[in-house]
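Examining the three-dimensional arrangement
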Amino acid sequence: MLNNDPLLKHNILETIIDSAYEWIVVVDHEGIVQYMNKTYCEFLGENPREVIGKHVTNVIENTRMHKAVLQGKVEIADLQFIRGNYMIANRIPILHEGKVIGAVGTVIFRDTEQWKKMNSHIKALLHELDFYKKEWHEINGATYTLNDFIGISREAEKIKDRVKNIASGDLSVLIRGESGTGKELLAHSIHQLSERSAKPFIKINCGAVPEHLFESELFGYSEGAFTGAKRGGKPGKFQLADGGTLFLDEIGDLPQNMQIKLLRVLQEKEVEPVGSLNSQKVNVRVIAATNRPLEQLIENNKFREDLFYRINVLQIQIPPLRERKEDIWPLAESFIRSNCRETGKRIVKIDDDVKEAFLQYTWPGNTRELKNFVEAAIQLTQSDQISLDAFPDFLREKLKVHEAQKSLKDYVHETEKKVISSYLKKMDGDIKAVANALGIGKTNLYDKIKKYNI
Ligand SMILES: Nc1ncnc2c1ncn2[C@@H]1O[C@H](COP(=O)(O)OP(=O)(O)OP(=O)(O)O)[C@@H](O)[C@H]1O
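Residues numbered from 1 in each chain as written. Predicted model: local features only at pLDDT ≥ 70, side-chain atom pairs only at ≥ 80, totals over all residues.

- An unreviewed UniProt entry lists the protein chain under the name Sigma-54-dependent Fis family transcriptional regulator, with Fictibacillus arsenicus as the source organism.

Quick notes on the overall build of the protein chain
- When helices and strands are tallied, the protein chain shows 19 helices and 14 strands.
- The buried share among the 454 residues of the protein chain stands at 26%.
- Summarising the internal contacts of the protein chain: among those between residues at least 6 apart in sequence, 65% fall at separations of at least 24. (Helix = DSSP H or I, 4+ residues; strand = E, 2+ residues; numbered from the N terminus. Buried ≥ 20, exposed ≤ 12 C-beta atoms within 10 Å, placed from the backbone. Contact = placed C-beta atoms within 7 Å.)

Comments concerning the site of the ligand
- Taken together, 19 residues sit near the ligand, with S179, G182, K183, E184 and T367 positioned nearest.
- Residues belonging to the shell around the ligand are distributed by class as follows: five nonpolar, eight polar and six charged. (Near = placed C-beta within 6 Å. Nonpolar A, V, L, I, M, F, W, Y, C, P; charged D, E, K, R; others polar.)

Some details on the nonpolar core
- Among the nonpolar cores identified, the biggest contains 38 residues, and I175, F238, L246, L248, I287 and A288 are the most heavily contacted of them.
- With four residues, the top contributor of residues to this core is strand β11 (residues 285-290).
- Apart from the residues lying within four places of it in its own chain, the contact partners of L248 are I204, C206, V286 and A288. (Core = buried A, V, L, I, M, F, W, Y, C linked by C-beta atoms within 7 Å.)

With respect to the packing of helix α6 (residues 154-166) against helix α7 (residues 183-193)
- Interhelical geometry of α6 versus α7 gives an angle of 40 degrees and a closest axis separation of 9 Å. Looking at the two axes, α6 sits oblique to α7. The two elements α6 and α7 cross, and the hand of that crossing is right-handed. Residues V163, K164 and I166 of α6 form the contact with α7, whose participating residues are L186, S189, I190 and L193. (Axes fitted to C-alpha atoms, helices over the stretch in contact; angles between N-to-C directions. Parallel < 35°, antiparallel > 145°, perpendicular 65-115°, else oblique. Left-handed = near helix turned anticlockwise from the far one by under 90°.)

Regarding the sheet that holds strand β8 (residues 245-249)
- Here we have five strands laid out as an open sheet, ordered β7-β8-β11-β6-β12, and parallel in their pairing. Each edge of the sheet is formed by a strand with only one pairing partner; in this case those strands are β7 (201-205) and β12 (314-318). Averaged over all adjacent pairs, the angle separating strand axes in this sheet is 15 degrees, with direction ignored. (Pairing = 2+ DSSP bridges.)

Here's the deal with the sheet that holds strand β4 (residues 85-96)
- A sheet is described by the order of its strands in space; here five strands give the open sequence β2-β1-β5-β4-β3, paired in antiparallel fashion. Each edge of the open sheet is held by one strand with a lone partner, namely β2 (33-36) and β3 (75-82). Strand-to-strand, the axes of this sheet are offset by a mean angle of 25 degrees, without reference to chain direction.
- As paired elements, β3 and β4 share six bridges and run antiparallel to each other. In the strand pairing of β4, E75 is matched with R91.

Observations regarding the environment of A437
- The residue A437 is located in helix α18 (residues 431-438) in this model.
- Linking A437 and Y423, residues 14 residues apart in sequence, is a C-alpha distance of 8.4 Å.

Notes on unusual backbone geometry
- One non-glycine residue with positive phi stands out, namely E97, at about 50 degrees.
- Following the sequence through the fold, E97 ends up in the loop between β4 and β5 (99-108).
- Of note in this structure, N301 is not a glycine but carries a positive phi near 60 degrees.
- Structurally, N301 can be placed in the loop between α11 (294-299) and α12 (305-311).
- By C-beta crowding, N301 is classed as exposed, having 9 other C-beta atoms within 10 Å.

Brief notes about helix α13 (residues 328-343)
- Helix length check: α13 (16 residues) gives 22 Å between terminal C-alpha atoms against 22 Å at 1.5 Å per residue, within 8%.
- Among all positions in α13, only I328, L331, A332 and F335 are buried. Angularly, the buried residues of α13 cover 95 degrees about the axis, an arc narrow enough to put them on a single face. Among the exposed residues of α13, those oriented more than 90 degrees off its buried face are R337 and R341.
- Contacts from the buried residues of α13 go to α14 (352-360) and α15 (366-380). (Expected span 1.5 Å × (residues − 1). Arc of directions from axis to C-beta.)

Next up, the structure:
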């Protein structure tokens, strides 16, 4: 027979909760963790004593517990992605004298075969859904919007303003920039902001289509145009993009005999499918992109000047990432957030030497390379922290090699950053005092703080 000792009762209750089938968390009215059972802590790699007092969003990823408290509504069987697995979460507000004073969350997940099967079934379904979404976008749409274009540098802000200014209307746009700078992302954004957004966005990579297929890819073909042609013919990218936007990626790689044909279509606004005697009217806005020096190609007679003028009505130039270093951190942080969301990992800290190495590196592959670096580090890190050790050897080498190749400008920037940081610390963040001490204006100081991400 159990006696009435409160400590004994408490211990019994704790044993029951700790061995419960479900994982349990209790938060107060502000979303602060009051209790989390042992098995849940173990799964999250947290210490049961240390989680108490933390805000629940700092402990459990994708949690809605704090919202359950605010809304005071019971949420049952919600699918939640935690640490690479789909869990089933219930959230129940705790009421006291008619007021919500907190919430209990339970998560069902055990390493049973049954759950594994269900989990992989859901994953498979979601992958399938993803696949079809991508297919649909490839056929019919633009995936990115201007909100996806991350950047705080003056150059990035200018680009966003320019996109907003030129998106409406039908004028051709030429987007220029090194590989991986976001040309395609901007092409999508222009389409999304234009009056054509409900119509198709069709892409063709001029560098990837074999020369002999180009004409039929762009303009389609009619039945019987050649051996192996499909019955009823096939529409080309121009016809598919009718009413919408055609994105001609890597336009500098367009074969010369196609350049003249493309020019004619752009002038006459009609296409003639291969093997057909009739031309078809098309209403298409063209956005072209290239990382090649078109002016030089024109000089060398590799690119037609008249086509250049036709596509270069409006131009957007994206500077390489190394020339807008302020964008490196916001971009890296955004990639970390989205990758953690996808993989269920939780990264809470990035070492200063990683940040420094990122700022020093010259990013020849631009934002695409940065994204790949970050994803590799998240994948390989064993903890919730990214240190230089988290990078694969070849990437670490790259980062270090460039450290040794710093230019004078890099050293000047580095020194400026160090001096400003130390003055800000010494003077408790008093901008006016720091600006006076360093003999520069306040605006100038603000600019530098932003630039160096201090
Ligand atoms: N400013 C940005 N904000 C967020 N993501 C970006 C940005 N710039 C580029 N990216 C990402 O970097 C990757 C490469 O971008 P994108 O394909 O648009 O570059 P690109 O200039 O068209 O490259 P390429 O010339 O090699 O075709 C994509 O994953 C894209 O989402």
